[in-house]
Amino acid sequence: MSILNVEHLSHGFGDRAIFQDVSFRLLKGEHIGLIGANGEGKSTFMNIITGHMQPDEGKVEWSKRVRVGYLDQHTVLEKGMTIREVLKSAFSFLFELEVQMNEICDHLGEASEDEMNVMMEELGTIQDLLMNHDFYSIDAKVEEVGRALGLTDIGLDRDVTDLSGGQRTKVLLGKLLLEKPDILLLDEPTNYLDVQHIEWLKRYLQEYENAFILISHDVPFLNSVVNIIYHMENQRLDRYVGDYDKFLEVHEAKKAQLEAAYKRQQQEIAQLHQKNADLQARSIAYETSLESVFSSKSWKLTAPIRSLMRLFHRGN
Ligand SMILES: Nc1ncnc2c1ncn2[C@@H]1O[C@H](COP(=O)(O)OP(=O)(O)OP(=O)(O)O)[C@@H](O)[C@H]1O
Ligand SMILES: [Mg+2]
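The model shown is predicted, which means the values in this text are computed figures rather than measured ones.

### Section: the sheet that holds strand S4 (residues 57–62)
Item 1. Pairing in this open sheet of three strands is antiparallel, and the strands run S2-S1-S4 from one edge to the other. Among the strands making up the open sheet, the edge pair consists of strand S2 (16–27) and S4. Put simply, the sheet's adjacent strands are angled 15° from each other on average, direction ignored.
Item 2. The pairing of strand S1 (residues 2–13) with S4 spans five bridges and is antiparallel. The residue of S4 that forms the bridge with Glu7 is Lys59.
Item 3. On top of the sheet, helix H1 (residues 42–49) reaches S1, S2 and S4; it is set at about 120° to S1, its chief contact.

### Brief notes about the site of ligand 1
Item 1. Within the structure, ligand 1 sits among Phe13, Ile18, Gly36, Asn38, Gly39, Glu40, Gly41, Lys42, Ser43 and Thr44.
Item 2. Broken down by element, the residue count for the shell around ligand 1 peaks at three residues, all from H1.
Item 3. When its residues are assigned to classes, the shell around ligand 1 shows two nonpolar, six polar and two charged.

### Points about the packing of helix H5 (residues 138–148) against helix H7 (residues 165–179)
Any two packed helices are characterised by how steeply their axes cross, that is the angle between the axes, and by the distance between the axes.
Item 1. Interhelical geometry of H5 versus H7 gives an angle of 135° and a closest axis separation of 10 Å. Taken as axis vectors, H5 and H7 run oblique relative to one another. Note that H5 runs across H7; the crossing there is right-handed. Two secondary-structure elements touch here, H5 through Lys141, Val142, Val145 and Gly146 and H7 through Gly174, Leu177 and Leu178.

Quick notes on the rules
- Residues numbered from 1 in each chain as written.
- Chains lettered and ligands numbered in written order.
- Predicted model: local features only at pLDDT ≥ 70, side-chain atom pairs only at ≥ 80, totals over all residues.
- Pairing = 2+ DSSP bridges.
- Helix = DSSP H or I, 4+ residues; strand = E, 2+ residues; numbered from the N terminus.
- Axes fitted to C-alpha atoms, helices over the stretch in contact; angles between N-to-C directions.
- Contact = placed C-beta atoms within 7 Å.
- Near = placed C-beta within 6 Å.
- Nonpolar A, V, L, I, M, F, W, Y, C, P; charged D, E, K, R; others polar.
- Parallel < 35°, antiparallel > 145°, perpendicular 65-115°, else oblique.
- Left-handed = near helix turned anticlockwise from the far one by under 90°.

Below you can see the structure in the form of C-alpha cells.
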C-alpha cells in the first residue's frame, strides 16, 4: 500500500517548466534518495508534496493518519526557547497526555464510584500510551540525540536565539528525529553537519524502520542509506531500484543505448540524404541528355514518339 501517491504532476515558474506529468509512489518503509542536478526541482518537489506549494496540475494524496516530518533547506526556529525545550517539544503530545492524567488524578477524590471507574479506565489508557512511547525516558533520549548531533557541546540550556544558522538546523533535525514520523523528509541534511554527526545520522537512517525521502549530493552518504533512487532530469522523475552506484550503472547503460540509437538514426538520415542527392544528380544528368537529344538536328523521330519519351521522362 502506498503512503503517498502523486499523479500527473506538472509545475513551472513563469515560462520555465520544472515538472511535466510526473508520477510518484512512496511505499511503507522505503528509503528513497531524491537526486538531480542543482536547480532541477528537488526542493520544489518536497514543497509540493508537503503542501507548502500548490502545483499547476496534478494530484498529491497521502494515506490517512500519516505523520510527516519535513526539514527543508531553509526552516527557521522560533526564538525564546532553549535547545532542550525544543528537543523535548518533539514529545509534546505525550506531555499533553501527562497533563490530562494529572487533571484526572486531581478530581478522583470528589468522584462518585461510577465516575471513578471511568476515570480509572482513562488513567490506564493514558498510562499505557505513555509507557509505549517511552515517556519516562524522554530526558535520556534528548540527551542522546543532543550528544550525537554535537548540541551538548553547545549547551542544551542555551537559548536558540544565540545559535548560528547551522546550529539551529541541527536542533530542528534533532527534534524531527525524536518525533520519529511515519515519513521523514530531509533536504540536504549533511550540509551543516560535521563528519562524526554525519556518521551518526547515517547509522540512524540505516536503522530507521519508517520511510524517508532524502535529498543529498553526498554520494557515499546516499549509498549507505537508500534503497531506491528517484532521478530528476529534464522535467521527469525516474525510479531506480538500488543505491546510487546501482542507479549510475543503469543510467549510464540507458544513456549509452540512447546515444547508440541516436547515432544509428543520424547515420540513417545521412544515408537517406545521400540517396536523395544521388537520385537528383542522376535525374539532372538524364534531363540534360534528353534535352541534348531533342535539340539535335539529327533528331528524326515522329511527334508521337517524342511525346512518349516525355511521358517516360516525367514518370521518372
Ligand atoms: N518560488 C520560486 N519562484 C521562482 N522560481 C523558483 C522558485 N523556487 C524555485 N525556483 C526555481 O526553480 C528551479 C528549481 O529549484 P529547486 O530549488 O527546486 O531546485 P533543487 O533541485 O532543489 O536545486 P538545489 O540542488 O540547488 O537545491 C530553480 O531554477 C529555482 O531557481
Ligand atoms: Mg534544493
